[in-house]
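Structural overview for review
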Amino acid sequence: MSTELESEPAQKHGKGRIPFDAICTGCQQIDVRWARFEEVGLEAGVDLEAIEPGACTSFKHVCYQCGSATWWNPVRVLTGVIRSDQEEA
């Protein structure tokens, strides 16, 4: 997973998005997905370190294993990625 987080696509998401480990509701694959605050039912400006995945709603994203846009359930907020992005800014 750390290799994926360091990959170029993961580094391009920037502000306004939250990185999650999320599970695809179709194939049950867990993968890193980024979602905007409003996609997961959160207000912009919320403390990113305090976000609980259970308080977030499912969001639609592409699943390359399923081959379609499907629903993803947040499993874990990737606070390490958030901290790293904040340090770079």
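What comes next concerns the included structure. What you see is a predicted model, and the numbers here were worked out from it, not measured in a lab.

Right, let's talk about the sheet that holds strand E4 (residues 68–77) for a bit. The four strands lie next to each other as E2-E1-E4-E3, forming an open sheet whose pairing is antiparallel. Of all strands in the sheet, those with a lone pairing partner are strand E2 (30–36) and strand E3 (59–63), marking the two edges. Taking the axes of each pair of neighbouring strands and ignoring which way they run, one obtains an average angle of 60° across the sheet. Sheet topology note: the strand E1 (residues 17–24)/E4 ladder contains five bridges and is antiparallel. Bridge assignment links isoleucine 23 to a residue of E4, and that residue is asparagine 73.

By size, the foremost hydrophobic cluster in this structure holds 15 residues, and its most contacted members are Ile18, Phe20, Val40, Leu42, Ile51 and Phe59. Mapped onto this core, the elements with two or more residues apiece are E1, E3 and E4. The leading source of residues in this core is E1, at four residues. With near-sequence residues (within four places) excluded, phenylalanine 20 lies in contact with Asp31, Val32, Arg33, Ala35, Val40, Cys56, Phe59, Pro74, Arg76, Val77 and Leu78.

Conventions and cut-offs
- Residues numbered from 1 in each chain as written.
- Predicted model: local features only at pLDDT ≥ 70, side-chain atom pairs only at ≥ 80, totals over all residues.
- Heavy atoms only, no water.
- Pairing = 2+ DSSP bridges.
- Helix = DSSP H or I, 4+ residues; strand = E, 2+ residues; numbered from the N terminus.
- Axes fitted to C-alpha atoms, helices over the stretch in contact; angles between N-to-C directions.
- Core = buried A, V, L, I, M, F, W, Y, C linked by side-chain atoms within 4.5 Å.
- Buried < 20%, exposed > 50% of the residue type's maximum accessible area, 1.4 Å probe, protein only.
- Contact = heavy atoms within 4.5 Å.

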